[in-house]
Amino acid sequence: MEHAISLFVRSIFADNMIFAFFLGMCSYLAVSKTVKTSAGLGVAVTFVLLITLPVNYLLQVYVLNPLGLGYLSFILFIAVIAAIVQLVEMIVEKYSPSLYASLGIFLPLIAVNCAIMGGSLFMQQRILLDPENVKAIAGIGDAFAYALGSGIGWFMAIVCLAGIREKMEYNDVPKPLQGLGITFITVGLMAMAFMCFSGLNI
Amino acid sequence: MLSQKTKETLLGPLNVNNPVVVQVLGICSALAVTVQLKPALVMGIAVTIIVALSNVIISLLRNTIPMRIRIIVQLVVVAALVTLVSEVLKAFAYDVAMQLSVYIGLIITNCILMGRLEAFAMTNKPWDSLLDGLGNGFGYAIILIIVAFFRELLGSGSLLGYQVIPDSWYAAGYENCGMMMMPAMALILVGCIIWAHRSLNKEEK
């Protein structure tokens with residue numbers, strides 16, 4: 001239990017998907033124009049992570065490893081992710097059409113959001129670690145904690161950036177730097193601030 | 001030799017229509033593998049091969065793929081190619097494969113692939129798609145190499161693992177900029193590249 005909590009906190013701050021590994025950058029940069037839309041995407045990503053990562057964990061441990069089919073993991077993981085994203089898309093379309101319209105093309109693109117696939121691939125590496133290691137994933141509970149932590153970390157990062165970008169509308173940015181350029185530099189500065197968590201020992 | 005249009009397909013992505021700094025695709029891996037030049041080169045080559053091949057395959061299949069399940073078909077084709085490349089790298093360049101770690105697998109979810117497959121290969125002939133894939137792969141590789149060049153040169157004073165800053169500089173008080181090794185600097189460097197690129201290409205906007 002203690003291990004799962006430590007894993008959870010670490011994956012929010014020290015191993016943040018965006019600031020430490022740059023995963024999910026494309027939709028992160030493109031959808032972070034307003035806080036509301038970005039919060040919606042953040043919730044969707046967290047939800048998809050929370051389902052796909054434990055499912056992929058079970059597949060890896062109980063199907064791929066015993067059968068020695070490790071090399072099929074990419075195809076299997078992406079198929080699971082694509083199927084679950086399709087499901088989420090259908091649910092959002094039915095219950096929240098306004099969110100569906102504002103997320104637009106980025107909802108189906110959660111399937112190719114690097115954060116989701118990256119979460120599963122990191123999980124695959126972390127299974128092999130020594131169980132004593134703070135980063136190890138040793139059971140289904142750890143897989144859930146890691147998925148939830150990574151999702152919340154991603155959610156927090158995109159909402160923070162959207163907040164900053166809303167304020168930045170009124171700033172006098174040099175013309176060629178407007179839009180994408182300044183966003184990159186903002187994320188760089190935010191990543192620098194997040195680096196202070198990397199020494200965190202829990 | 002090449003007609004105007006095919007030339008544009010091949011060379012456009014290198015500069016005016018660059019996948020990373022203009023189309024904003026494939027940022028994740030572009031940032032993460034650029035601490036040193038060597039993994040960046042390998043990554044650039046791997047992505048170029050995969051984009052070109054998957055473009056050709058999808059372009060050949062484009063009339064038979066049902067619209068509703070096209071994303072899954074595309075993902076499976078890409079995942080199969082990435083698995084091949086990953087196994088080849090593990091066999092022949094194990095240390096680089098370890099350095100790239102999950103980012104090889106993440107080529108599957110690299111937005112350049114899906115973006116080009118959706119925007120180009122689904123509607124164009126195989127030969128044009130091959131050129132488009134090569135062009136976008138090179139455009140991606142160029143940005144990776146530029147970022148990795150500065151990060152390795154300023155961060156560890158070497159290029160491709162060979163030391164290029166002479167010892168006499170270190171003796172005179174020159175120090176490597178540790179900041180360059182941090183993830184944050186990759187973002188800021190790409191931001192600066194976008195700045196420079198937009199200032200140079202201003203007249204086209």
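Position numbers for residues count from 1 along each chain, tracking the sequence in the order it is written. Throughout, the order in which chains and ligands are written sets their labels, letters from A for the former and numbers from 1 for the latter. It should be noted that, the model being predicted, local features are given only for residues of pLDDT at least 70 and side-chain atom pairs only at 80 or more, the latter also being counted only at that level, while totals for whole chains, interfaces and linings use all residues. Hydrogens and water are ignored here; the side-chain numbers use all heavy atoms of the structure.

Structural notes on the pattern of salt bridges
All names here are of chain A. Any Lys or Arg side-chain nitrogen located within 4 Å of an Asp or Glu carboxyl oxygen qualifies as a salt bridge. Counting across every chain of the model gives four salt bridges over all chains. Note that Asp15 is salt-bridged to Arg126, the shortest N-O span being 3.2 Å. Here Asp15 is found in the loop between helix 1 (2-12) and helix 2 (17-21), whereas its partner Arg126 is found in helix 7 (residues 114-127), with 111 residues between them in sequence. Only protein chains enter the area calculation, which uses a 1.4 Å probe; residues under 20% of their type maximum are buried, those over 50% are exposed, and those in between are partly exposed. What makes Asp15 buried here is its relative accessible area of 7%. One network of salt bridges, in which partners are shared, links Arg10, Asp15 and Arg126. Counting from the N terminus, the helices are DSSP H or I runs at least four residues long and the strands are E runs at least two residues long.

Things to note about the interface of chain A and chain B
In this description, contact between two residues means that some pair of their heavy atoms is separated by no more than 4.5 Å. Listed by partner, the interface residues are 37 residues for chain A and 37 residues for chain B. Linking chain A to chain B there are zero salt bridges. Polar contact criterion, stated in full: a pair of N or O atoms within 3.5 Å, where within protein one must be able to donate a hydrogen and the other to accept it, and residues adjacent in sequence count only if both atoms are side-chain atoms. At the surface where chain A touches chain B, the tally comes to one residue pair in polar contact (both at pLDDT 80 or more). When contributions to the side of chain A that touches chain B are tallied by element, the ones reaching two or more residues are helix 2, helix 3 (25-31), helix 5 (73-95), helix 7 and helix 9 (180-194) of chain A. Considering every element that reaches the side of chain A that touches chain B, the biggest residue donor is helix 9 of chain A, with nine residues. Polarity classes work like this: nonpolar for Ala, Val, Leu, Ile, Met, Phe, Trp, Tyr, Cys and Pro, charged for Asp, Glu, Lys and Arg, and polar for all others, with Gly in that last group. Across the side of chain A that touches chain B, the residue classes tally to 30 nonpolar, seven polar and no charged.

Description of helix 7 (residues 111-121) of chain B
Taken across its 11 residues, helix 7 of chain B has eight buried, putting it largely inside the fold. All buried positions along helix 7 of chain B are accounted for by Cys111, Ile112, Leu113, Met114, Arg116, Leu117, Phe120 and Ala121 of chain B. For helix 7 of chain B, the secondary structure elements touched by its buried residues are helix 3 of chain A together with helix 1 (4-11), helix 3 (37-61), helix 4 (70-92) and helix 8 (126-156) of chain B.

Examining the confidence of the model for chain B
On average, residues of chain B carry a pLDDT of 80, and 97% of them reach 70 or more. Interface scoring of the predicted complex returns ipTM 0.76; its pTM is 0.83. Confidence of the predictor at the level of single residues is given by pLDDT, which spans 0 to 100.

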